[in-house]
4 protein chains.
Amino acid sequence: MSWSDAIAAKTEQLTALRRKLHQIAEPGWCEYQTTAAIVSELSELPVTIYTGTDAVESSARMGLPSAEEDAYFFQLAEKAAVEPALLERMQGGHTGAVAVLDTGKPGPDTALRFDIDALPITEASSDHVPADAGFPSKHEGFMHACGHDGHTAIGVELVKLCVENVDQLTGTFTFLFQPAEEGSRGAYAMVKKGWLDGKDYFFSGHIGIHDLEVGTIACGTERFLATTKLDVTFTGVSAHAGVDPAAGKNALLAAASAAIQLQAIPPHRDGITRLNVGKLTAGEGRNIIPERADIMMETRGETNELNAYMEEEARRILTACADMYGVEVSIDVTGRGSTTESSKAIGAKLSTWGEQFTKRVIGPLPLGGSEDAALMMNRVREQNGEAAYLLYGTPLPYGHHHPKFTFDEGVLPAAVEALAQLITTYHEKEGMSR
Amino acid sequence: MSWSDAIAAKTEQLTALRRKLHQIAEPGWCEYQTTAAIVSELSELPVTIYTGTDAVESSARMGLPSAEEDAYFFQLAEKAAVEPALLERMQGGHTGAVAVLDTGKPGPDTALRFDIDALPITEASSDHVPADAGFPSKHEGFMHACGHDGHTAIGVELVKLCVENVDQLTGTFTFLFQPAEEGSRGAYAMVKKGWLDGKDYFFSGHIGIHDLEVGTIACGTERFLATTKLDVTFTGVSAHAGVDPAAGKNALLAAASAAIQLQAIPPHRDGITRLNVGKLTAGEGRNIIPERADIMMETRGETNELNAYMEEEARRILTACADMYGVEVSIDVTGRGSTTESSKAIGAKLSTWGEQFTKRVIGPLPLGGSEDAALMMNRVREQNGEAAYLLYGTPLPYGHHHPKFTFDEGVLPAAVEALAQLITTYHEKEGMSR
Amino acid sequence: MSWSDAIAAKTEQLTALRRKLHQIAEPGWCEYQTTAAIVSELSELPVTIYTGTDAVESSARMGLPSAEEDAYFFQLAEKAAVEPALLERMQGGHTGAVAVLDTGKPGPDTALRFDIDALPITEASSDHVPADAGFPSKHEGFMHACGHDGHTAIGVELVKLCVENVDQLTGTFTFLFQPAEEGSRGAYAMVKKGWLDGKDYFFSGHIGIHDLEVGTIACGTERFLATTKLDVTFTGVSAHAGVDPAAGKNALLAAASAAIQLQAIPPHRDGITRLNVGKLTAGEGRNIIPERADIMMETRGETNELNAYMEEEARRILTACADMYGVEVSIDVTGRGSTTESSKAIGAKLSTWGEQFTKRVIGPLPLGGSEDAALMMNRVREQNGEAAYLLYGTPLPYGHHHPKFTFDEGVLPAAVEALAQLITTYHEKEGMSR
Amino acid sequence: MSWSDAIAAKTEQLTALRRKLHQIAEPGWCEYQTTAAIVSELSELPVTIYTGTDAVESSARMGLPSAEEDAYFFQLAEKAAVEPALLERMQGGHTGAVAVLDTGKPGPDTALRFDIDALPITEASSDHVPADAGFPSKHEGFMHACGHDGHTAIGVELVKLCVENVDQLTGTFTFLFQPAEEGSRGAYAMVKKGWLDGKDYFFSGHIGIHDLEVGTIACGTERFLATTKLDVTFTGVSAHAGVDPAAGKNALLAAASAAIQLQAIPPHRDGITRLNVGKLTAGEGRNIIPERADIMMETRGETNELNAYMEEEARRILTACADMYGVEVSIDVTGRGSTTESSKAIGAKLSTWGEQFTKRVIGPLPLGGSEDAALMMNRVREQNGEAAYLLYGTPLPYGHHHPKFTFDEGVLPAAVEALAQLITTYHEKEGMSR
């Protein structure tokens, strides 16, 4: 059986696994059930599995959730009967898993990365495939709105495919199931654990991003945005809003001013910049001058320099808004992502696949967002490895992070096939049929 | 024993009850334990007690809490072993109580009102009397920061005093323990229940407001601010903040703009106005264009016309801010308070007490805030009754609604004495000793 | 002839003079033609006239106009054939005049003040009495929109009345025709010149303020607002707005932010506060990042403390807005006004006039604005003199500073009569008929 | 003499002419002296010169200056003794000139365009070459801060060069000296006049933009930003800021809010966008609620669609800000510019010049701004002509539109040479030496 046929045979499993994962959407560092599902799929295979602090460097995890949020998802995992020993290993937000396949033959050392976390978005309950087809998120307020459920399914089935065809492969494969991609928080903990050291190749990719036909594969990605994630707290003084408003120091107005004024950072001649105030929570009660306000925000830039420009401007504005209202401000970094480059050599090779490949390979496309994998790619590249980041085409009726985000599940086998092709291009032994 | 001596004898009980209530601070319509404590104190006395839908008109309750908040405090009351029958009567936010004392003798019909709710403020944990003296709020995030624990204690002990001295009194007394004063939400439900119908006199008052010596009593109050409480929701469209920010409609920025722009409503030549955005909650995640934002706000005015001016301006600004960001807005009224007048005749009579009275009575003082009792006062006044609202002096090192708000407990017996004096002035039989 | 009859006989002259002055509306320190008109009216009378640096202390003049504005109005005065010698005395903004009438008899020393300047408002050209009746301002962009044309006419005719009836008066009278009242800029220069030293009485007043019937006189004024006038300049860096916007430092946005954020200074429990950004001029060209922005603003407070609170808050906000955009800011004081009190004793005496007086005298009314005369009143009061500030009733279809501001000219003789009454109350000899 | 030598011989004249023009900096449609200087240089040559309404279509001129500004520069031209007949032809803002050279031989029809206007920027008076070398702008507040003085000199000397070498050229040459490039206002009036009809080639270019060595020539330009220029007026109601602020409708705050809020238009995934509020003038006087506010602003986009997105968003925000303050708003278009493309075929040919050419030709560079020439280029291209836009390298210590903007005058002969090369490439007869 050719790989193409083998992959076609996996279509049903891919869809089933993706739908299962979609229902247990968990945010970053809370992927207890998701990790357990991955481990459960792989545990019978001849791969070595690493979890807990063997998978991630505990102290290098960024942007951990609140104790309440962690406890909430941990309890859900307990109720869902996740195996206690595994759950204990993961306790306190040590989610994610690594599977290593050693072919026993000399050959290159390759890492592949699949991100597994969901987003704090309330999923649409109608006019939306997961809702209509009966596999909506069971976790109110959380949703796989970026396709990581698909990424995880692709990774799991790719491991199986490689195991099944190990005789045709050489070298070793490290499959990274990374937690907390959203917010650029998790890659650092896997890099620090050493998983990207000494790698010859690194492959990853993303479903969607551009609205394309199923089966189209972009052979690389441009415009990875560097990013900084900031948590900002303004602290003022509360007072009775009717009797003595001037006795207060209004943290809510400082934060609201910051949200507005941050928009006025000028665009830069050197390239794309972005800024988002994604969350603002302020005030205690209606008739109280608000004492505290919290902002979750991020900056981005097409280069590390552009992101540094945005972060610097943002810090000045935040401080000035605090001064304006006579309140205190603290600014904490909870995530950082770098820009990177997808290997042009690999891209060029892929773009010649036209005939051999059942899919349509097109030139590199811009990402226009940030990608935690950039940290991994840069680690591989600085050791002279090659790193490529693909885009797996699907029509996108709604954009990423939209409550109705969905994708055509036909993208799943297409992505597995593209990665398999890529692997065999660099690992294949003679006689392997495509 | 004179009333003064009787009151002095109650000082310890007043303090103990206030401290007990301080620890079980509950917000409006969630005063399950507080109501139970009141009922428990009065249940043995020859007064008729009304609770649940006998105390408040269910459909006239404004600004009800979320189902989650209600459930949280209900469960706390269950855990605290509140009598199940009473708890069942109150279920779903039917808190508050009314105690009626009929002297059996002809005489005026008098209502007295004591508000019982706390605020969503996190209490200071040091350099603060309740914390230092061992009676801080046990309900994290909620605090008696406006003295209603004191008001409740004053009301309970006044009932006892009247019962003990019933032979010296005439007519009937209706003691209203009102829930949900904060936000001007609860008085309406008691007025609609008919408790203020046919009353000859109405007395209420407030601890503090002005920084005064203990024992000073202001014989009336001016400048009750009319008020409207608004809940505002902006609804936009979420999108990926890095990849396609222009695809979103930013509800957070609409709300932040509103918070700022509402401050620019011009002051009015006709008198005091106030506006507070007390709470703003917006956004779902850091890298998502925020889809939803909620504001809790209030307007106030020295007259009903001034408050109407503020509300009208605010509504226009809220709508414009929604238009500005292309988002939808909904504006709901969750509370309304009127301006009123404290009886000048009663005030004048009190101000002659100088000699008889152990306390120092001073002229009327401005409130400068809103007071839900205004609705009750206006109901009594429109039926030609008299309504007076006193202020009970205490030093105020911190203002109302401040996390360190506290008062000198000496104000408690002083307030009981002032109310007792007021009652006997209008109800006394011959031979009653002051 | 009684004073009432004498005043009635002056009605036509009052109207004619007021209309003449209305047409030559000149802003503060530019009242060249206005001063010349006053001097011309009084020059034949047995009073001593002071102009130029004899009338105002040159170095104590605040908020001088730009050299261009001064030159513009000076040239207009040259073209209007103002007497060269007088014009030379006034050159460089030494406008205003003082007329002293010495009765030659012992008696009190009284000062009366009339303000003479206009405002930078473009007068309505239709549906407006001055336009329709043929006496609109001839100075495009400038208008008597506060009634100072009427004040000046009242003062001039009062001088004549006093001269004509000097046999019935005692002591001395100092008639101050004050420049630059708007912006609280001119009184200080007359106080510093010593004109208010050793005065027993000071009288002044204002047309309008409240919408009243002609002939109504308020016997005093309350709520003089203390005020500070600030000129603020933000200085940034210009850049090409399309090619390299991030190279600029945007002074316009700093100033616009300040204009908005200054509105958020909380109202104060102790009384009325006001803030106005009256003028904002920023930027050089459409496609240039604005390098410079200028703001003309003012703060006010019901007490000097409240105004100080506003000024301090404003300064902090202005500085923070500069920091926010990385621009420089300079803040200059161009005017300052104090709060004051109108003599209650004089007010009480006036309120007994009911029968003797042809007009209706009512109790004191709030001003609610600032009045440069406060400085003069405070100077007199600190030397134990008495100072009263009246309001002269007129219907007000449009408010002060509105392009359609106008008043009923019947107020002019009523004001003269009120002042005459006031004078004779304190200066009259026996036998004077009212 | 070779062209290179001929050009070298003109270096002194180029510098002298540029310095002369720098001193008479005039804004768009006010280039009376500048046009006269051009005409004076060319009047003796065998070219046909068109001025006034023969050069520009009167009704197609956009963004005309105020009558005051026009009169000011017209009077300056009168004082500078510009020939009366020419001045009369130009009266009312009909500036600019066209020179046509007919070689009398068959050949292509070529247009070249040189923009001649200056900017409303106050020139730096020290640490700035024109100031230090004695040729600063004599027109206070206006400055050649974009190099159009150099462009004009380049055009004039190129005409002379072509005339001198006419025997080596074929076809006809139309030299357009375009007024009012800043604000994208003047090109339309020349296009409408028909000057770009039937042209085979169009050449133009810009000094600077990028910081490059003198002698470097970019063979084309990318990223012409489409643009819309808007004049916005907010009209409210004035009132006395102290006495009755709520009676006003504040146009200044509406405009300031707009300036801030316009910054919050989200960046677009499809490319570069820009928005600048270049000028804001609001208010009448310090103590008056501002009745009127004027904004000069512009939007830009990398494509016409992106600019349309910006304009649409801006219009919605402007309208909402007016609604927010209850004021009226009018929005007028005073300029529009399109995006365009510089001919890739010409660029490719130029990039092969390496050896023949004395200068260094580099690949196309981004403009990143708007260029009024785009309208002309699009007109030529839609008739199947070719249009190229070069960049002439110079070091740029300060950016365009900066008060210290200056360039190395060595760029002038380099630009003339590049254009001469370009012309001869397409017009040369045999035997012409380069």
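Residues numbered from 1 in each chain as written. Chains lettered and ligands numbered in written order. Predicted model: local features only at pLDDT ≥ 70, side-chain atom pairs only at ≥ 80, totals over all residues. Heavy atoms only, no water.

Participant: Could you give an account of the sheet that holds strand S12 (residues 360-362) of chain A, naming the residues involved and the relevant values?
Facilitator: Residue and element names in this part refer to chain A. Ordered in space as S1-S2-S4-S3-S5-S14-S6-S12, the 8 strands form an open sheet in which the pairing is mixed. Two strands bound the open sheet, and with one partner strand each, they are strand S1 (48-51) and S12. Between one strand and the next, the sheet's axes are offset by a mean angle of 25°, whatever the strand orientation. The sheet contact formed by strand S5 (residues 201-211) and strand S14 (residues 386-394) spans 8 bridges and is parallel. By the bridge assignment, Gly-205 is partnered in S14 with Leu-390. Across the sheet, helix H13 (residues 411-427) is in contact with strand S3 (109-115), strand S4 (172-178), S5, strand S6 (216-218) and S14; its angle to S14 comes to roughly 155°. (Pairing = 2+ DSSP bridges. Helix = DSSP H or I, 4+ residues; strand = E, 2+ residues; numbered from the N terminus. Axes fitted to C-alpha atoms, helices over the stretch in contact; angles between N-to-C directions. Contact = heavy atoms within 4.5 Å.)

Participant: Can you explain the relation of the copies chain B and chain A? Please cite residues and give values.
Facilitator: Mapping chain B onto chain A calls for a rotation angle of 180° and an axial translation of 0.0 Å; the resulting RMSD is 0.1 Å. Viewed as a symmetry operation, the transformation between the two copies matches a two-fold axis. In this assembly the copies share their binding face: 98% of the residues contributing to the interface of chain B also contribute to that of chain A. (Least-squares fit on C-alpha atoms with pLDDT ≥ 70 in both.)

Participant: If you had to explain the relation of the copies chain D and chain C to someone new, which residues and values would you point to?
Facilitator: Overlaying chain D on chain C yields an RMSD of 0.1 Å, the required transformation being a rotation through 180° with an accompanying axial translation of 0.0 Å. Both copies share a contact surface, since 100% of the interface residues of chain D are interface residues in chain C too.

Participant: Which residues make up the side chain of Glu-157 of chain B, and what are the values?
Facilitator: All names here are of chain B. Tracing the backbone shows Glu-157 in helix H7 (residues 148-164). What makes Glu-157 buried here is its relative accessible area of 1%. Looking at Glu-157, its side chain comes within polar contact range of the side chain of Lys-160, at 3.2 Å. (Buried < 20%, exposed > 50% of the residue type's maximum accessible area, 1.4 Å probe, protein only. Polar contact = N/O pair within 3.5 Å; in protein donor to acceptor, adjacent residues only side chain to side chain.)

Participant: Explain helix H7 (residues 148-164) of chain A to me, using residue names and the numbers behind them.
Facilitator: In a regular helix each residue adds 1.5 Å, so 17 residues correspond to 24 Å; H7 of chain A covers 24 Å between its end C-alpha atoms and thus fits that length. Most of H7 of chain A sits out of view: 16 of its 17 residues are buried. (Expected span 1.5 Å × (residues − 1).)

Participant: Tell me about the environment of Leu-350 of chain D, and name the residues and values.
Facilitator: Residues and elements named next belong to chain D. Assignment of secondary structure puts Leu-350 in helix H11 (residues 344-350). A relative accessible area of 0% means that Leu-350 is categorised as buried. In sequence terms Leu-350 and Glu-305 are 45 residues apart; their C-alpha atoms lie 31 Å from each other. Leave out the neighbours within four places in its chain, and Leu-350 touches Cys-219, Val-361, Leu-390 and Leu-422.

Participant: Before we move on, could you go through helix H4 (residues 67-79) of chain B and cite the residues and values that matter?
Facilitator: All names here are of chain B. The end-to-end C-alpha separation of H4 is 18 Å, in line with the 18 Å expected for 13 residues at 1.5 Å each. Among the residues of H4, those classed as buried are Asp-70, Phe-73, Phe-74, Leu-76 and Ala-77. For H4, the angular spread of the buried residues around the axis is 155°, confining them to a single face. Of the exposed residues in H4, the ones pointing more than 90 degrees away from its buried face are Ala-67, Glu-68 and Lys-79. Looking at the buried residues of H4, the elements they touch are helix H3 (32-42) and helix H5 (84-90). Taken from the residues just after H4, Ala-81 is the one with a positive phi, measuring 65°. (Arc of directions from axis to C-beta.)

Participant: Before we move on, can you summarise the interface of chain D and chain C with the specific residues and values?
Facilitator: Counting from both sides, the interface comprises 55 residues of chain D and, opposite them, 56 residues of chain C. Between chain D and chain C, roughly 4300 Å² of surface is buried when both sides are summed, and carbon and sulfur atoms account for 56% of that area. Our count for the contact surface shared by chain D and chain C stands at 2 salt bridges. Note that Asp-231 of chain D is salt-bridged to Arg-286 of chain C, the shortest N-O span being 2.9 Å. For the side of chain D that touches chain C, the elements supplying multiple residues, two or more each, are strand S8 (226-235), helix H9 (251-261), strand S9 (273-282) and strand S10 (292-301) of chain D. Grouping the constituent residues of the side of chain D that touches chain C by class yields 26 nonpolar, 19 polar and 10 charged. In the sheet, strand S9 (residues 273-282) of chain C pairs with S9 of chain D via 3 bridges, with the strands oriented antiparallel. Residue pairing in the sheet places Thr-281 of chain C in a bridge with Thr-281 of chain D of S9 of chain D. (Buried area = accessible area lost by both parts, 1.4 Å probe. Salt bridge = Lys/Arg side-chain N within 4 Å of Asp/Glu carboxyl O. Nonpolar A, V, L, I, M, F, W, Y, C, P; charged D, E, K, R; others polar.)

Participant: Mind laying out the sheet that holds strand S2 (residues 97-102) of chain D, listing which residues take part and the relevant values?
Facilitator: Residue and element names in this part refer to chain D. An order of S1-S2-S4-S3-S5-S14-S6-S12 is seen for the 8 strands of this open sheet, with the pairing classed as mixed. Two strands lie at the open edges of the sheet, namely strand S1 (48-51) and strand S12 (360-362), each paired on one side alone. If you compare each strand with its neighbour and ignore which way they point, the axes differ by 25° on average. Bridging between S2 and strand S4 (residues 172-178) involves 6 bridges; their strand directions are antiparallel. Within S4, the residue paired with Val-100 across the bridge is Thr-174.

Participant: For a negative patch on the surface, give the residues involved together with the corresponding values.
Facilitator: A contiguous patch of negative charge, built from Asp-323 and Glu-328 of chain A together with Asp-323 and Glu-328 of chain C, is present on the exposed surface. With respect to the helices, strands and loops of the structure, Glu-328 of chain A is situated in strand S11 (residues 328-337). (Patch = residues over 30% accessible without salt bridge, like charges linked within 9 Å, V, L, I, M, F, W, Y side chains within 5 Å. Areas by Shrake-Rupley, 256 points an atom, 1.4 Å probe, with all protein chains shown as cover. Lys, Arg positive; Asp, Glu negative; His and termini not counted. Charge placed at Lys NZ, Arg CZ, Asp CG, Glu CD.)

Participant: Any details on the packing of aromatic side chains? Residues and values, ideally.
Facilitator: As enumerated under the stated definition, the model contains 44 aromatic pairs over all chains in all. Every member of this aromatic cluster is reached through a ring pair, and the members are Tyr-72, Phe-73 and Phe-142 of chain A. The positively charged end of Arg-61 of chain B is found above the aromatic ring belonging to Trp-29 of chain B, 5.7 Å away from the centroid. The residue whose ring lies beneath Arg-18 of chain C is Phe-407 of chain C, and the NZ or CZ to ring-centre distance is 4.1 Å. (Phe/Tyr/Trp six-rings, centres within 6.5 Å; stacked < 30°, edge-to-face > 60°. Lys NZ or Arg CZ within 6 Å of the ring centre and 35° of its normal.)

Participant: Give a detailed account of the UniProt feature "binding site: Mn(2+)" (unreviewed entry) in chain A, specifying residues and quantitative values.
Facilitator: According to UniProt, the "binding site: Mn(2+)" (unreviewed entry) feature falls on Cys-146, His-148, Glu-182, His-206 and His-401 of chain A. Across 256 residues, the annotated set stays spatially compact, with a maximum C-alpha separation of 13.8 Å. Position of Glu-182 of chain A among the secondary structure elements: in the loop between S4 and helix H8 (187-192). On the basis of relative accessibility, which here comes to 7%, the residue Glu-182 of chain A falls in the buried class. The residues touching Glu-182 of chain A, leaving out its near neighbours within four places in the chain, are Asp-117, Ala-118, Leu-119, Cys-146, His-148 and His-401 of chain A together with Asn-287 of chain B. (UniProt positions renumbered as here; feature names shortened; annotations may be inferred.)

Participant: Describe in detail the domain arrangement of chain A, supporting the description with residues and values.
Facilitator: Residues and elements named next belong to chain A. Domain annotation for chain A reports domain 1 (3-224 + 339-427) and domain 2 (226-336). Between the C-alpha centres of domain 1 and domain 2 the distance comes to 33 Å. Tallying the contact residues gives 11 residues for domain 1 and 13 residues for domain 2. Taking both partners together, domain 1 and domain 2 bury about 890 Å²; carbon and sulfur atoms supply 50% of that area. It is Arg-223, Thr-339 and Ser-370 that lose the most area in domain 1 upon contact with domain 2, and together they represent 45% of the buried surface on that side. On the surface where domain 1 and domain 2 come into contact, there are 4 residue pairs in polar contact (both at pLDDT 80 or more). Looking at the side of domain 1 that touches domain 2, its residues break down into 3 nonpolar, 6 polar and 2 charged. (Domains from an automatic or database assignment.)

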